[in-house]
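Chains, contacts and geometry: an overview
Single-letter residue listing:
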Amino acid sequence: MITKTIKIEKVLGIDLIPYLVQSACHYEASLYIIDQDKKINMKSIMGMSILKLTEGKTLELTADGVDEEKAIQELSGCFLR
């Protein structure tokens, strides 16, 4: 299991949520975003749609599975400049 804390460094468009879900579905690992008290499955469009992804916000990405390192690396890059 890998956990990475990230800070959103750029303004994110509404089209990022479907992209994140689609990208997460390419991995076997279980992938979650932890936002304060919410643990959200990154492979769920309904779960991801409740996120408020604003610049400067801090989140935790968690991955558990055979391709966890690659998944965390790719998905965390979506939030950085």
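This text follows the structure it describes.
On a predicted model such as this, the values are computed, not experimentally measured, just so you know.

This part takes up helix α1 (residues 16-24). Looking only at α1, the buried set comprises L16, I17, L20, V21, S23 and A24. All buried residues of α1 lie within an arc of 165° about the axis, which places them on one face of the element. Residues of α1 that are buried sit in contact with β2 (30-35), α2 (45-48) and α3 (68-77).

Unlike most non-glycine residues, Q36 shows phi in positive territory, near 55°. Residue placement: Q36 occurs in the loop between β2 and β3 (38-41).

To continue, consider the state of the cysteines. In the structure shown here, the tally under the stated rule is 0 disulfides. With no disulfide of its own, C25 lies closest to C78 among cysteine sulfurs, the gap being 13 Å. Classification of C78 by relative accessible area gives buried; the value is 11%.

What follows is about α3. Among the residues making up α3, those that are buried are E68, A71, I72, L75 and S76. All buried residues of α3 project into a common sector of 110° when viewed along the axis, lining one side. Turned more than 90 degrees away from the buried face of α3, the exposed residues are E69, K70 and Q73. Buried residues along α3 sit against β1 (2-7), α1, β2 and β4 (58-64).

What counts, and at which threshold
- Residues numbered from 1 in each chain as written.
- Predicted model: local features only at pLDDT ≥ 70, side-chain atom pairs only at ≥ 80, totals over all residues.
- Heavy atoms only, no water.
- Buried < 20%, exposed > 50% of the residue type's maximum accessible area, 1.4 Å probe, protein only.
- Helix = DSSP H or I, 4+ residues; strand = E, 2+ residues; numbered from the N terminus.
- Arc of directions from axis to C-beta.
- Contact = heavy atoms within 4.5 Å.
- Disulfide = S-S within 2.5 Å.

That is the geometry; function is a separate question.
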